[in-house]
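Below, each chain spelled out in residue letters.
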Amino acid sequence: MDVLIVGAGPTGLALGIDLARRGVAALVVERSERLFPGSRGKGIQPRTQEVFDDLGVLAAIRAAGGPYPPRTTWKDGERVGEEPVFEPFEADEGAPYTEPLMVAQWRTQEVLYARLVELGGEVAFGRELTGLEQDADGVSAHFADGTTLRARYVVAADGGRSAVRRAVGVAMAGETVDPAPFLVADVGVRGLDRDSWHAFMDSDDTGVVLCPLAGTEYFQLQARLAEGTQPDLTLDGIRKLVAAYSHLGADDITELRWASEFRPRAALADRFRVGRVFLAGDAAHVHSPAGGQGLNTSVQDAYNLGWKLAAVLRDGAAESLLDTYEEERRATAAAMLDLSTGVHRGEVRRGKATVQLDLGYRESPLAEESRPHPGPLRAGDRAPDGTVDGVRLFDAFRGPHWTLLGATTPPATGVRVLPSAPPSYGPGVFLIRPDGYVGWAGDTTEGLRAYLSRVGL
């Protein structure tokens, strides 16, 4: 086996999809007997929508959810205010998706799982990892049922309490974002419309909010409780909580589908790679849910790592290419942790700052800018959408290949060419990585072949 992915959350499933479409032999193993049942990470940011477009699941993701409703504030049984959850900004040709989608996490995972199976991938449920050892050739992973699997690489996508991270001895440093206990649950609600995200908050910032989960019959309940309170995750406990903070009666909570408690924390793993083992998603970084950065950063970890593993395993790229995963993603995760914490504390507004379209890798060793006078788009930046000779760039980028803008002859196998770049890119020749970032940029193609050989093409 080439790659063992531990954890069948959004991170593991997205990585499984990317590897499957590249012909890499991978297996996803999951400790539980089924996919995660809760709504927890429900925001799909515009950059992740672009990723899902490339992975072939965007239409299904859109069908599984919908837009965010405005937030309505209640006081003494009366509506006293309404505001949008996100500061809007206009879409343009380069950024066709600007509004986050609301999709319950369990529905996102269903879509990703279906796509993985469609591509011939597999999830082995009920497989709990208990330990691993690695050597020069691969990793031996041991499971609670007494079995052992051997893989060339292992990816930890098994959450904030990652067994893989513990097995390789990586520490995770962090801070408490909010000392209060929080509760999140998926519930059936009677007596509230589904056109608003309903907030019932007290002056001490404790209270409950009830958000209709687009594409489902449920609401997500989020509650901030007084310090020292022990959350009651039973249906009766949640009924009492809602009745205490809102005008709803206890019986208006008709069903409890899933519930969990947490204390908001921001934490970052000291390393994202130990030999042949990689950390991704919550195994590498843990966010406050405010701002919807956690799931999105996690999926983009997988998107960054997938093409690099394939380049080494299938295309003959140097193994050192895999070092750039930590170099690129750890810095990004650190920035997103600061952003999540800022949103939680009310220092940052949800909107252009949280959609992740401005993230890039200009400082990466894979960003090679050879133009003495770069235009607005530089090596390391996200490659915007646009049109060249009637071809939409996101359509041209879709798939596991590289794309070269500004040439007529492919410089290597696995590179699609278009004769020019849109005016918005500025002058130059641009090589777009499989994950949609500019890898190389030059005034001409001089030096391009040396770059391509470095990445296995």
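Values in this document were obtained by computation on a predicted structure and should not be read as measured data.

J.: Describe the overall build of the chain, listing the residues and the values that go with them.
T.: Scanning the chain from N- to C-terminus turns up 10 helices and 29 strands. For 457 residues, the compact-globule estimate of 2.2 N^0.38 gives 23 Å, and the C-alpha radius of gyration of the chain, at 23 Å, lies within 12% of that figure. Principal axes of the C-alpha set define a box for the chain whose edges measure 70 × 55 × 40 Å. In the structure as shown, the chain presents an accessible area of about 18200 Å², 47% of it carried by carbon and sulfur atoms. On the chain, the mean spot of the 48 positive side-chain charges and the mean spot of the 63 negative ones are 2 Å from each other.

J.: Can you lay out the packing of helix H2 (residues 46-55) against helix H7 (residues 294-314) for me, pointing to particular residues and giving the numbers?
T.: In contact at an axis separation of 10 Å, H2 and H7 are set at 40° when each is read in the N-to-C sense. Between H2 and H7, the angle is such that the two are oblique. Crossing of H2 over H7 shows left-handed handedness. The residues of H7 that touch H2, namely those facing Arg47, Thr48, Val51, Phe52, Asp54 and Leu55, are Asn296, Val299, Gln300 and Tyr303. Grouping the amino acids of the contact of H2 with H7 by side-chain chemistry returns 5 nonpolar, 3 polar and 2 charged.

J.: An account of the sheet that holds strand E10 (residues 139-143) is requested, with residue identities and associated values reported.
T.: Strands sit in the order E9-E10-E11 across an open sheet of 3 strands; the sheet is antiparallel. The open sheet has two edge strands, strand E9 (129-134) and strand E11 (148-151), and neither has a second partner. The average angle at which neighbouring strand axes cross in this sheet is 20°, direction not considered. Bridge count for E9 against E10 is 5 bridges, and the pairing is antiparallel. When the sheet's bridge partners are listed, glycine 131 is paired in E10 with histidine 142.

Rules used throughout
- Residues numbered from 1 in each chain as written.
- Predicted model: local features only at pLDDT ≥ 70, side-chain atom pairs only at ≥ 80, totals over all residues.
- Heavy atoms only, no water.
- Helix = DSSP H or I, 4+ residues; strand = E, 2+ residues; numbered from the N terminus.
- Rg over C-alpha atoms; globule rule 2.2 N^0.38 Å.
- Areas by Shrake-Rupley, 256 points an atom, 1.4 Å probe, with all protein chains shown as cover.
- Lys, Arg positive; Asp, Glu negative; His and termini not counted.
- Charge placed at Lys NZ, Arg CZ, Asp CG, Glu CD.
- Axes fitted to C-alpha atoms, helices over the stretch in contact; angles between N-to-C directions.
- Parallel < 35°, antiparallel > 145°, perpendicular 65-115°, else oblique.
- Left-handed = near helix turned anticlockwise from the far one by under 90°.
- Contact = heavy atoms within 4.5 Å.
- Nonpolar A, V, L, I, M, F, W, Y, C, P; charged D, E, K, R; others polar.
- Pairing = 2+ DSSP bridges.

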